[in-house]
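The residues making up each chain are set out below.
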Amino acid sequence: MESGEQRNYGTDVWVTEQPRMTANEGKASGGEIGGKVSGIENGGKIHDGENGGKVNGIENGGKIHEDEIGGKVSGNENGGGIVSEGDKGMMNDSQIGVTAHDSTTTPTTPNPDDNFDTILTKLGTGKWNIFYVVTMAYWYSLLPYHTVAGAFMAPDVDHTCHLPPNALVYTPEQLYNNSHSKQNDSCSYLVEVSEGRLEKQPCTQWDFDDTFTSTVTSEFQLVCGKKYARATYQSMYMFGMLVGALFNGFLADRFGRKTMITISTLSYTVIALGSAWLPNMWSLLTARFFLGTMHPTSLQTGYILVLEVTELRMRSKIGLFQFFSWSTGTILFSAWAYFIRDWRWLQTAVSLPCLLFLPALYFLGESPRWLAVVGQHQRALKEVKRAAVWNKVTLPPDQELLEIMYRVQEQAVSVRPSEDTSKSTIWTKLYNILMRTAVLFKTPKLRLITIVMCVDYFVVAMLFFGLTLGASSLNVNHFVYVAIAGLVELPSATIMIPIVMYFGRRKMLIFDFAGCAVALLAQPLISEDLKWLSVVLVMVGKMLSTAAFNIVFLYSLELIPTELRTQGMSAGMMSSRAGAIVAPFIMSALDAHPPWSISVVFGCAAAVAAVVVFPLWETMNTRLPDTLADLEGYTNPGLTLDEESTTQRSNENRNERDTAM
């Protein structure tokens, strides 16, 4: 490494690399130094009487006289670096976040293979980590109230046509005796247009059963010709999630995890409370869309934040446990709906607890791993130190932590395409978004991960939400069905934890999808007299699809490098929202067909999702890749020449530093 080379450890913080000399290279003895010594101009003298060998970085390196250098030099006997500060030649350790070592301490050199997981391992798991887990878990418990709102706020309610005065009503005997092939149904009624000739007229009003006091279905008459609007109510939220996922990844990678969590949770709370009292269907659907756009930002970014502050050995447990609260929220939603049968008051009641989450945002910190990757090392160091205080642990010297953070940033390969900001039109912005998304298909391993995860996210969301909303297809009690659906999700967040830790992500993801396929494809074989067994098989499929959903989240997070993590997971989230969007329409389209048709479609989809996982590799007990270079390797044929040279320079700098040390 060249003498005087400067290294950036954070915003506006530079540390000058010091020349390293050995006894064989010669001693600096009383004469002029023919060059710069640690940033100090010629004229500084170093007495060698006590040197006995090496200067700068070697034990017992000699004392340095400060009166002849023209300023104060911060040196010590264990070879501390000499760094000039401005024109005075002074070094203030506090300004660069480096703690001065005691003169009897032997300096430690970070392992070149260390990454941010090394720091998290030293922090361990304590109050700091638990606060993140509990805070975000509480928020997750509130999301099912709106995500599966269609189950209770816009259900398929039994209804009959409200007959006008001129409608004809025939008993079955009259219809049989008069050989009439037409009769009144829930969407039409009979009128006599001429003597002996009957004609069907479409209904304009309906009477609904008294299971619910008021629903979106009954208030806005979403039946018969408007039946599609009921599925749209549910799908509009999912469509918002798809759009939100499109932008969430870029925004969270650029502005940080906490910033986007704050914006999304505040917006979500306001929209959830306000939309409960909107007067018409179109405004309600619009609110559902914007509510959905905030969902992936709070859920996905929060999930990433929690795992980015979690040490390696606890990642599986915490990653799977995160969704325990989601299952709890689903069960509680059934209880809320059972006691509050009016959809407006129900939505208000389940939205008020969002207000309790907002004070926690003040104490929630930014992801130090993300800060390190984007080069904000001083902020990352501050967050790490705060975590050490909360967890009551002692960290290595600041310089060692900064060295690891610098290495993480140094390895980051810039994969964003250049953007022309001179003509910032909507089309230019859309083009830039598409180019950023194309990055996920740029290298072989990343391309494989992206394709497999998009398929699995699409299928698992279709299964998860489709089976949750499937009470009407099985003709069972809505409240009991949703409560059981939430109950069977609990094993995926409890029992599944040790299983995944033992067998790994890949094997269990294949097993869950395959098991779900078997259960759903077996359901049509059950006799109609054994309805309970049909429900059991569907619930087994629901349980395994939930387990697969949790593992897909954890697995994709561990596969995608930090610098592209939210972007990659946003692509997966977009696929999952597409699956969630089509699920209600599949349920509605197949509702008139045999009940087993839905199970067959979902079962085949689960089988496909299991097969596509085979090419992937196991990530259990492995470090999270921080950069694309970590994922692909330093000699990657998928990198462009510019990226390849960037990676090569990164390796050369690392080798130079290691050799010099």
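Here the structure is a predicted model, which means the values were calculated and not measured.

Novice: Got a minute to help me understand the overall build of the protein in this structure?
Specialist: Each helix and strand counted, the protein has 27 helices and six strands in total. Relative to its full complement of 661 residues, the protein shows a buried share of 52%. For the protein, the proportion of contacts with a sequence separation of at least 24, taken over those separated by at least 6, is 76%. As displayed, the protein offers around 29,400 Å² of accessible surface, 60% of which is attributable to carbon and sulfur atoms.

Novice: Please explain a nonpolar patch on the surface as it appears in this structure.
Specialist: On the surface, Phe-247, Leu-251 and Phe-255 cluster together into a nonpolar patch covering about 250 Å² of accessible area. Here Leu-251 shows up in helix α7 (residues 227-255). Judged by relative accessible area, which is 33%, Leu-251 ranks as partly exposed.

Novice: Any chance you could explain the side chain of Gln-221 here in plain terms?
Specialist: With respect to the secondary-structure elements, Gln-221 resides in the loop between α6 (216-219) and α7. Here the side chain of Gln-221 touches Ser-218 through a polar contact of 2.9 Å, landing on its backbone oxygen. What Gln-221 contacts, discounting residues up to four positions off in sequence, is Thr-204, Gln-205, Trp-206, Phe-208, Val-216 and Lys-226.

Novice: Before we go on, may I ask you to explain empty space enclosed by the protein in this structure?
Specialist: Where empty space is left in the structure can be found by rolling a water-sized probe over the atoms. Within this structure, the stated rule accounts for eight cavities of 30 Å³ or more. If you add up the space inside the second largest cavity, you get close to 150 Å³. For the lining of the second largest cavity, the secondary structure elements donating two or more residues are α9 (281-308), α11 (324-339), α17 (444-468) and α23 (531-559). The element contributing the most residues to the lining of the second largest cavity is α23, with four residues. Of the residues assigned to the lining of the second largest cavity, the class counts are seven nonpolar, five polar and two charged.

Novice: Explain the side chain of Thr-468 to me, please; I cannot follow it from the model alone.
Specialist: On the secondary structure map, Thr-468 appears in helix α17. The exposure class of Thr-468 is buried, given its relative accessible area of 3%. At a separation of 2.6 Å, a polar atom in the side chain of Thr-468 contacts the main-chain carbonyl oxygen of Phe-464. When neighbours within four sequence positions are excluded, Thr-468 is seen to be in contact with Val-148, Tyr-481, Val-482 and Lys-542.

Novice: Even after reading the chapter, I still don't get the packing of helix α21 (residues 496-503) against helix α22 (residues 505-522), so can you show me in this structure?
Specialist: Two numbers describe a pair of packed helices, the interaxial angle and the distance between the axes. At a minimum axis separation of 7 Å, α21 and α22 run at an interaxial angle of 125°. With respect to their mutual orientation, α21 and α22 come out oblique. Residues Met-496, Ile-499, Val-500 and Phe-503 of α21 form the contact with α22, whose participating residues are Arg-505, Lys-507, Met-508 and Asp-512. Grouping the amino acids of the contact of α21 with α22 by side-chain chemistry returns five nonpolar, no polar and three charged.

Novice: I'm lost on the state of the cysteines in this one. Help?
Specialist: By definition, a disulfide links the sulfur atoms of two cysteines through a covalent bond. Counting across every chain of the model gives two disulfides. Bridging Cys-161 to Cys-203, the disulfide has an S-S length of 1.7 Å. As the torsion about the S-S bond is roughly -115°, the Cys-161-Cys-203 disulfide counts as left-handed. Highlighted residues: Cys-161 in strand β3 (residues 159-161) and Cys-203 in the loop between β5 (197-202) and β6 (206-208), separated in sequence by 42 residues. Each member of the pair Cys-161 and Cys-203 is classed as buried. What pairs with Cys-187 in a disulfide is Cys-224, and their sulfur atoms sit 1.9 Å apart. Here the disulfide of Cys-187 and Cys-224 is left-handed, its torsion about the S-S bond being about -90°. Here Cys-187 is found in the loop between α5 (172-177) and β4 (188-194), whereas its partner Cys-224 is found in the loop between α6 and α7, with 37 residues between them in sequence.

Novice: Even after reading the chapter, I still don't get the pattern of salt bridges, so can you show me in this structure?
Specialist: A side chain of one charge can pair with a side chain of the opposite charge if their charged atoms are brought near each other. Enumeration over the complete set of coordinates arrives at 12 salt bridges. When the shortest N-O distance is used, the salt bridge between Arg-315 and Glu-558 registers 3.5 Å. Taken as a pair, Arg-315 in helix α10 (residues 315-321) and Glu-558 in helix α23 lie far apart in primary sequence, 243 residues in all. Considered together, Arg-315 and Glu-558 belong to a single accessibility category, that of buried residues. Through salt bridges with shared partners, a single network forms among Asp-117, Arg-315, Arg-369, Arg-505 and Glu-558.

Novice: Please clarify how α21 should be interpreted in this entry.
Specialist: Given 3.6 residues per turn, any residue in an α-helix points the same way as the ones three and four places further on. If you check which residues of α21 are buried, you get Met-496, Ile-497 and Val-500. Along the long axis of α21, the arc covered by the buried residues comes to 105°, so they all point the same way. Two residues or fewer past α21, Gly-504 is found with a positive phi of approximately 95°.

Novice: I'm lost on the confidence of the model for the protein in this one. Help?
Specialist: Residues of the protein with pLDDT of at least 70 account for 70%, and the chain-wide mean is 74. Across the protein, helix α12 (residues 343-351) holds the top mean pLDDT of 95, while helix α1 (residues 93-96) sits lowest at 36. Long-range and interchain partners of residues 413-422, a stretch whose pLDDT sits below 50, account for 17 contacts in this model, where long-range means more than four residues apart. Here residues 634-661 scores under 50 on pLDDT; set against residues more than four positions off or in separate chains, the count is 41 contacts.

Novice: Hey, could you run me through unusual backbone geometry in this one?
Specialist: Within the chain, Gln-221 stands out as a residue other than glycine whose phi angle is a positive 55°. A positive phi is found at Lys-392, a non-glycine position, where the angle reads about 60°. The residue Lys-392 is located in the loop between α14 (377-391) and α15 (398-411) in this model. For Lys-392, a relative accessible area of 69% gives the class exposed.

Novice: Hey, could you run me through the packing of aromatic side chains in this one?
Specialist: For any two aromatic rings, the description comes down to two numbers: the centre-to-centre distance and the angle of the planes. A full pass over the atoms with the stated rule returns 22 aromatic pairs. Look at Trp-139 and Tyr-268: their rings are 5.5 Å apart centre to centre, the planes differ by 75°, and that puts the pair in the edge-to-face class. Taken as a pair, Trp-139 in helix α3 (residues 127-142) and Tyr-268 in helix α8 (residues 257-274) lie far apart in primary sequence, 129 residues in all. The class of Trp-139 is buried, set by a relative accessible area of 0%.

Novice: Any chance you could explain the packing of α17 against α22 here in plain terms?
Specialist: α22 packs onto α17 with a crossing angle of 45° between their chain directions and a minimal axis gap of 13 Å. With respect to α22, the element α17 is oriented oblique. The chirality of how α17 crosses α22 is left-handed. Between α17 and α22, the contacting residues are Asp-456, Val-459, Val-460, Leu-463 and Leu-467 on the first element and Leu-509, Phe-513, Cys-516 and Leu-520 on the second. Among the residues making up the contact of α17 with α22, the classes are represented as eight nonpolar, no polar and one charged.

Novice: Any chance you could explain the environment of Arg-577 here in plain terms?
Specialist: For Arg-577, the position within the fold is in helix α24 (residues 565-589). Along the sequence, Arg-577 and Phe-458 sit 119 residues apart, while their C-alpha atoms lie 7.0 Å from each other.

Novice: Just to check I follow, could you spell out the environment of Tyr-145 for this structure?
Specialist: Position of Tyr-145 among the secondary structure elements: in helix α4 (residues 144-147). Accessibility expressed as a relative area gives 5% for Tyr-145, which makes it buried. Put simply, Tyr-145 and Leu-346 are 201 residues apart on the chain and 9.4 Å apart in space, counted from C-alpha to C-alpha. Once residues within four sequence positions are removed from consideration, Tyr-145 is found in contact with Met-153, Gly-329, Leu-332, Phe-333, Trp-336 and Val-350.

Calculation criteria
Residues numbered from 1 in each chain as written. Predicted model: local features only at pLDDT ≥ 70, side-chain atom pairs only at ≥ 80, totals over all residues. Heavy atoms only, no water. Helix = DSSP H or I, 4+ residues; strand = E, 2+ residues; numbered from the N terminus. Buried < 20%, exposed > 50% of the residue type's maximum accessible area, 1.4 Å probe, protein only. Contact = heavy atoms within 4.5 Å. Areas by Shrake-Rupley, 256 points an atom, 1.4 Å probe, with all protein chains shown as cover. Patch = residues over 30% accessible without salt bridge, like charges linked within 9 Å, V, L, I, M, F, W, Y side chains within 5 Å. Salt bridge = Lys/Arg side-chain N within 4 Å of Asp/Glu carboxyl O. Polar contact = N/O pair within 3.5 Å; in protein donor to acceptor, adjacent residues only side chain to side chain. 1 Å grid on protein atoms, 1.4 Å probe; cavity = no way out; pocket = protein on both sides within 12 Å on 5 of 7 lines; lining within 4 Å. Points joined across faces, edges and corners; volume = space filled by probe spheres on them. Nonpolar A, V, L, I, M, F, W, Y, C, P; charged D, E, K, R; others polar. Axes fitted to C-alpha atoms, helices over the stretch in contact; angles between N-to-C directions. Parallel < 35°, antiparallel > 145°, perpendicular 65-115°, else oblique. Disulfide = S-S within 2.5 Å. Arc of directions from axis to C-beta. pLDDT = per-residue confidence, 0-100. Phe/Tyr/Trp six-rings, centres within 6.5 Å; stacked < 30°, edge-to-face > 60°. Left-handed = near helix turned anticlockwise from the far one by under 90°.

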